[in-house]
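# Results of the structural survey
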Amino acid sequence: MFFRRRARMLRWLVCGRLGPVWMWKALLLFVAIAFAGQLLGVIFNKSSGQPAAHSIFSSSDGHGPSLGSCRPHTHIMFLKTHKTASSTVLNMLYRFGEEHHLRFALPLGYQLGYPLPFNAHRVKGYRGPRAVEFHIMGNHMRFNRPEVEKVMPEDTFYFSIIRDPIALAESSFAYYKEVAPAFRKAKGLGDFANDPKKYYDPRLRNNHYARNLLWFDFGLDHNANFSMSLAKHGEDVIRRTFSLILVSEYFDQSMILLRHALCWPLDAVVSFSLNARQQKPGSIGGMSGSWMGKAAAAAAVGIGAGHSNAKTPPNLSLTEDQREKLRQWNALDWYLYKAFNQTFWEKINKFGQTQMEEEVALLKMRREELAHACLRDGGKPVEAHRIRDKNIRPFQSGLVKILGYELQPGLDNATRMSCLRMIRPEIQYKDVLDSKQFPQAIKAQPWQQNQGLMAAAGVSFLRQDSSRKTEKEPGEAVGRTLEDRKKDWDGNILTRNNQTLIRGQEKERFR
């Protein structure tokens, strides 16, 4: 009796005072569902490797040590030299500019008229000196200061990057073996080093890749005979224009100096190596594997590229005697490298060795952190054909494989976009920026795209008119006279040999 009374009282309290039983059941069911959803959300976020509401790029670690009260540079000119890790540097400029909605001085194609001396009319959207504010310029060009100054503001920060001429020659030989006549004729780099004059003809197009390539990219006469007065003059000309010369052999230290010079956060100079070549052939397929045929075909875009005959990788082995011969052959580049390498370490000493070591350690730590977050397999570069997303496969040129990266699956949208910017190849990134700046532009025809790809890879060539069978210089500057082209940007008269190269009297084909 007592228990029945208590039960009736409990039902009266629940139903009368606190609501009907069905309401409580519904409430309990709702709480259970919410709890289960929260639990599943935590599990999903853990499995994806990234918190849904907090991107790794929003971490305070990405800012790095304080830079004081300086203001970030946004007017920047980077001379993108060949085979010096310059594609990685350009990626940083692309990322920073895109994130801050800056305007790029983009080429009409993929290079700014290279190998001709730069002309302002090669910039897409250029409408006269300073008519449009351009913030960043960095695509391949042969430097020509007066023309650059027509495009970029007066407060522009100029910088570039150099590399040991021996390492540069090895990379250049591997990359341009099929397009530089001097390299194509040689059995190997050592064979070329033994007697460069046997293979080198300054009149032939693309042979500038085979001698003093740095000197050439800086807009100077790379075929001139070495003299100390000439070398010092070239050094002085470069120093008067460029505030900072980086050294690719000390890339991390270079990035710290650059970060402080530009007043940029640490993440802006964190990078993954782009456009890097595989040092050894893959185990699958061996020396004559399918990748060799694809690379050879890529070197012949638009000219029988459908045939993929495997070719032997270039022989890059050198004796110490051959290395010394290459230094003598590239004496102007060797002088530049020694001079600016010394200046580079003077800047580091002024910066402080201890502080440099600490910031380099932070840079490496941050790179590893971002690689773990962004990249599949911990950031190991892979062959292009293994990359599932065709939009981020690096363009292949020459007889070596150019490696790329795959993104980590399961990234949230914000993190994925930031990671994608870090690994997007140069050619695709330029197209993305181009479409943003010129959304109404007409897309290039297939033959133009093919030529653009080769040009972006650093290969110059001539397009043959099928009806007239005449040669046409790619990127020939509008309104430039022959007399204009006879002078370097510092006013020196070019040699006859160099003029012959520029005017391209000799027709070259890809084979």
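Before any of the text, the structure's been laid out above.
## Focus on the sheet that holds strand β2 (residues 136-137)
Taken together, four strands build an open sheet; the order of strands is β2-β1-β3-β4 and the sheet is parallel. Edge positions in the sheet fall to β2 and β4 (244-247), since each of these pairs with one other strand and no more. Bridge analysis of strand β1 (residues 76-79) against β2 gives two bridges, and the strand direction is parallel. Its bridge partner lying in β2, Ile76 is registered against Ile136. Seen against the sheet, helix α11 (residues 251-262) touches β1, β3 (157-162) and β4 and runs at an angle of roughly 155 degrees to β4. Contacting β3 and β4, helix α14 (residues 331-351) crosses the sheet at an angle of about 100 degrees to β4.

## Here's the deal with unusual backbone geometry
Residue Pro115 is bonded to the preceding Tyr114 through a cis peptide linkage, with omega at 5 degrees. Locating Pro115 in the fold gives a position in the loop between α3 (86-99) and β2. Of note in the backbone geometry, His101 takes a positive phi value of approximately 55 degrees without being a glycine. Given the relative accessible area of 71%, His101 is considered exposed. One non-glycine residue, Asn212, lies in positive phi territory at about 45 degrees.

## Observations concerning the packing of α11 against helix α15 (residues 353-374)
It is the contact of α11 with α15, at a shortest axis distance of 9 Å, that shows an interaxial angle of 100 degrees. As far as their axial angle goes, α15 and α11 are roughly perpendicular. Across from Asp252, Gln253, Met255, Ile256, Leu257, Arg259 and His260 in α11, the residues of α15 making contact are Gln355, Met356, Glu359, Val360, Leu363, Lys364 and Arg367.

## Looking at empty space enclosed by the protein
All told, the structure shown has four cavities of 30 Å³ or more when counted by the stated rule. As for the largest cavity, its lining consists of 15 residues, and the residues nearest its centre are Leu168, Ala169, Tyr209, Ala210 and Asn330. Mapped onto the lining of the largest cavity, the elements with two or more residues apiece are α5 (165-176) and α7 (189-194). The leading source of residues in the lining of the largest cavity is α5, at four residues. Classifying every residue of the lining of the largest cavity gives 10 nonpolar, three polar and two charged.

## Considerations on the packing of aromatic side chains
As enumerated under the stated definition, the model contains 22 aromatic pairs in all. Judged by centre distance (6.1 Å) and plane angle (85 degrees), the rings of Tyr158 and Phe242 are edge-to-face. Pair noted here: Tyr158 is in strand β3 and Phe242 is in the loop between α10 (228-241) and β4, with a separation of 84 residues, a long-range link. On the basis of relative accessibility, which here comes to 8%, the residue Tyr158 falls in the buried class. Here the aromatic rings of Phe183 and Phe192 are separated by 5.3 Å at their centres, their planes lie at 75 degrees, and the arrangement is edge-to-face. Judged by relative accessible area, which is 2%, Phe183 ranks as buried. Among the aromatic residues, ring-to-ring pairing joins Phe173, Phe183, Phe192, Tyr199, Tyr200 and Trp329 into one connected group. Stacked on the ring of Tyr175, the Lys or Arg Lys83 has its end atom at 3.4 Å from the ring centre. The ring of Tyr429 is capped by Arg424, whose NZ or CZ atom sits 5.1 Å from the centre of that ring.

The rules we used
Residues numbered from 1 in each chain as written. Predicted model: local features only at pLDDT ≥ 70, side-chain atom pairs only at ≥ 80, totals over all residues. Heavy atoms only, no water. Pairing = 2+ DSSP bridges. Helix = DSSP H or I, 4+ residues; strand = E, 2+ residues; numbered from the N terminus. Contact = heavy atoms within 4.5 Å. Axes fitted to C-alpha atoms, helices over the stretch in contact; angles between N-to-C directions. Buried < 20%, exposed > 50% of the residue type's maximum accessible area, 1.4 Å probe, protein only. Parallel < 35°, antiparallel > 145°, perpendicular 65-115°, else oblique. 1 Å grid on protein atoms, 1.4 Å probe; cavity = no way out; pocket = protein on both sides within 12 Å on 5 of 7 lines; lining within 4 Å. Points joined across faces, edges and corners; volume = space filled by probe spheres on them. Nonpolar A, V, L, I, M, F, W, Y, C, P; charged D, E, K, R; others polar. Phe/Tyr/Trp six-rings, centres within 6.5 Å; stacked < 30°, edge-to-face > 60°. Lys NZ or Arg CZ within 6 Å of the ring centre and 35° of its normal.

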